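The primary structure of each chain is shown beneath.
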Amino acid sequence: MEAAVLPSRAAYLIAGGSVAGFRTAVTQASSRWGGMTEPIVEAQASGLSPLHEQTVRVAKVEALVNIDADFQAAKKIAQGLGLPIVDLAVIRKSNVASTCSLAEVMQFDPAYPPIAASPTGTLWQLAAAGCVEPRHFLEHVRVSRREDEFGRYQLNEDTRIHSTLAQFGEYPSTPARHTPTVLWVVEGEGFTDSIDFWNTRALRPAHMIEMPMLLLPGAGTVKDWLDFPEQVARLLKSRPREFAVDVALVSRSASPEHLLELASALGLEPTEEEPRDGARMPASPARTAPFTFRTDLDPTAWVTFERHYGVPTSFDVQVFAGGPSTLRFIQPVRFDGYAGALVRFWGEPLLGLPARPSIARLVHPDAQWRDGKLQLAFQPMPHQIAVQMTFPLLPQVTEQLLDDVTTGHQLSSAGRLGTALAERAESSALLEPGVYEAAIALTTPRSKELLRRLKEHRADGHPDADLAELAATWGGRSERRYLPADKLQDVRAEDRAAALERLCSWAGPSAGWRASAPRAPAGRSFRSSRPAVPRSAPGAAPCPPTSPAAR
């Protein structure tokens, strides 16, 4: 089997245009494992915008966390997405949104800590680098006051928010795709640019796509950053040739003139070349100047695709059909301290099981289906996973599914007959002379009988209402047919008695066969329920008989 270890991720709901809500959401995400992949979306009275709804669905989060959105609007959004909603005050105690802190998944270098913004800093700095609360300023992070550092640290992905992806994984592993570098530009307060940049980056896979993203202020600020154009050029030169254009300049607030001014400050040249992404192993040689840009590209399309989260591992398990089986493996993520995480399982023992909550609970009382896998939460996360699961047999699954959708259920007479045959007979006996042919001959053809009766009523001039009533009251039932042994035309005369006796010996008194007496052996009559032996799978039936027929 296989398993993947991953953080429990959430999406944050804020009121429309709420700057305070955005700051709170960034602070919360910056403290959590996987926080960079957690979207921040605006809850309007009408719900989420199409873009924000798509963002949450693609991100495949476990829950919604309400920051400052209207409660009723948040509740309606959660119902539409099929996700639980958690209040910010209890997020650390929640079973669905709780995850571990950064200190429990990564090693910090005290001499070179990542930078972060102050909660009261400018919005673009919060979105670019993440932030920390004042009481955590000395906790493996440095709060920067210099604007140029937020640009330089983004180039090397050495910010607080990038740290939340320590030991963060994705599967299946595929060759890395390469896309243009995204330089997102902010003018003014930058709320719209900050939240759109944050969400686009949240959907950017950590390993399956190479797409550097930087959030920058306008050209009036960046042109004063010492050596920054040269540092950007080194980044662009280090990238392979599998894609075009070099840079996508994106902004929701900057004018075209301001974008051209920034491009000029960074030494970029305009192009009309069609954009493309690509992948090749090994990668081609590095790119050379001049580096090109376009201002009409939307990076959303490059990150909106199916992906799976988690660090995967494979392991062997001995499965006991229908009974407890122990799954044991060394989990692939290193945790320090009291850490919580999710584990998803998949493999052959789970194939064919319907992804319904009741079936997940058959396997494990606390399990649920997520992303097509069976998921369990572990608090704390042990170094070696050892968990008992019960892989149900298909009859157990069938019984559970019927319990889910009915108030009561039982086998039809045909099902009881088929089950009796399956339990008492070897299927190879159907190969004995005349046995299979005799069973088929004794099967009552309900559909043919109903069709014949309908044709008779039509020929007699009965109205359509009478025909409909006949079909409704008929219900697929018919009087069971009696057939003398000498009327089994497909069975040779010398095989008839032995074949019918063989059927009776299988089914016994509960299966619907009847031997009438007194009669001469050649005139003995037999009767069957429908169907005696299915043509597609002779002798197969799912469940045991519920009551004897005393034939």
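Quick caveat, the model's predicted, so the values are computed rather than measured.

Novice: Hey, could you go over the pairing of strand β18 (residues 324–330) for me, with residue numbers and the actual values?
Specialist: Of the two faces of β18, only one is covered, namely that formed by Ser325, Leu327 and Phe329; the face formed by Pro324, Thr326, Arg328 and Ile330 stays uncovered. As defined by bridge partners, β18 adjoins strand β22 (residues 384–390) across seven bridges and the pair is classed as antiparallel. Counted as the bridge partner of serine 325 is methionine 389 from β22.

Novice: Any details on the packing of helix α1 (residues 19–30) against helix α7 (residues 191–203)? Residues and values, ideally.
Specialist: Relative to each other, α1 and α7 sit at 30°, their axes nearing to 11 Å. Judged on the interaxial angle alone, α7 and α1 are roughly parallel. Between α1 and α7 lies a crossing whose hand is left-handed. Contacts from Val19, Phe22, Val26 and Ala29 of α1 reach α7 at Phe191, Ser194, Ile195 and Trp198. Here the residues of the contact of α1 with α7 sort into seven nonpolar, one polar and no charged.

Novice: So what's going on with the packing of aromatic side chains? Residues and values would help.
Specialist: Enumeration according to the criterion identifies 11 aromatic pairs in this entry. Taking 6.4 Å as the distance between ring centres and 80° as the angle between the ring planes, the aromatic pair formed by phenylalanine 22 and tryptophan 198 counts as edge-to-face. Here tryptophan 198 lies in helix α7 and phenylalanine 22 lies in helix α1, a separation of 176 residues in the sequence. The same class applies to phenylalanine 22 as to tryptophan 198, namely buried. When the ring of tyrosine 112 is compared with that of tyrosine 153, the centres are 5.8 Å apart and the planes differ by 20°; the resulting orientation is stacked. With tyrosine 112 in the loop between β5 (85–87) and β6 (115–116) and tyrosine 153 in helix α5 (residues 147–155), this pair connects stretches of sequence that are 41 residues apart. Through a chain of ring-to-ring contacts, three or more aromatic side chains come together here, namely Phe22, Phe191 and Trp198. Positioned above the aromatic ring of phenylalanine 305, the side-chain terminus of arginine 307 is 4.7 Å from the ring centre.

Novice: Describe the pairing of strand β17 (residues 311–314), and please don't skip the residues or the numbers.
Specialist: Looking along a regular strand, one sees side chains alternate from face to face of the sheet. Because side chains alternate across β17, one face comprises the buried residues Val311 and Thr313, and the other comprises Pro312 and Ser314, none of which is buried. Alignment of strand β1 (residues 2–6) against β17, held across four bridges, turns out to be antiparallel. Bridge pairing in β17 links valine 5 to valine 311.

Novice: Pulling in residues and values, what's your account of the sheet that holds β5?
Specialist: On the basis of which strands lie adjacent, the open sheet formed by four strands has the order β3-β2-β4-β5 and parallel pairing. Here the strands that pair on one side only, and so sit at the sheet edges, are β3 (40–43) and β5. Within the sheet, the average angular offset between the axes of one strand and its neighbour, ignoring direction, is 35°. Sheet topology places strand β4 (residues 63–66) next to β5; three bridges connect them, and they run parallel. In the sheet register, valine 65 faces β5, and the bridge partner there is valine 86. Sitting on the sheet, α1 is in contact with β2 (10–15) and β3, with an inclination near 165° to β2.

Novice: Kindly report on helix α3 (residues 71–81), identifying the contributing residues and their values.
Specialist: Residues of α3 that are buried: Ala73, Ala74, Ile77, Ala78 and Leu81. The arc that holds the buried residues of α3, viewed along the axis, is 135°, so those residues lie on one side. In α3, the exposed residues that point more than 90 degrees away from the buried face are Phe71, Gln72, Lys76, Gln79 and Gly80. The inward-facing, buried residues of α3 abut β2, β3, α2 (50–59), β4 and β5. One side-chain oxygen at the N-terminal end of α3 lies 3.2 Å from the backbone nitrogen of glutamine 72; it belongs to aspartate 70. At the exit of α3 stands glycine 82, carrying a positive phi of roughly 70°.

About the thresholds
- Residues numbered from 1 in each chain as written.
- Predicted model: local features only at pLDDT ≥ 70, side-chain atom pairs only at ≥ 80, totals over all residues.
- Heavy atoms only, no water.
- Buried < 20%, exposed > 50% of the residue type's maximum accessible area, 1.4 Å probe, protein only.
- Helix = DSSP H or I, 4+ residues; strand = E, 2+ residues; numbered from the N terminus.
- Pairing = 2+ DSSP bridges.
- Axes fitted to C-alpha atoms, helices over the stretch in contact; angles between N-to-C directions.
- Parallel < 35°, antiparallel > 145°, perpendicular 65-115°, else oblique.
- Left-handed = near helix turned anticlockwise from the far one by under 90°.
- Contact = heavy atoms within 4.5 Å.
- Nonpolar A, V, L, I, M, F, W, Y, C, P; charged D, E, K, R; others polar.
- Phe/Tyr/Trp six-rings, centres within 6.5 Å; stacked < 30°, edge-to-face > 60°.
- Lys NZ or Arg CZ within 6 Å of the ring centre and 35° of its normal.
- Arc of directions from axis to C-beta.
- Polar contact = N/O pair within 3.5 Å; in protein donor to acceptor, adjacent residues only side chain to side chain.

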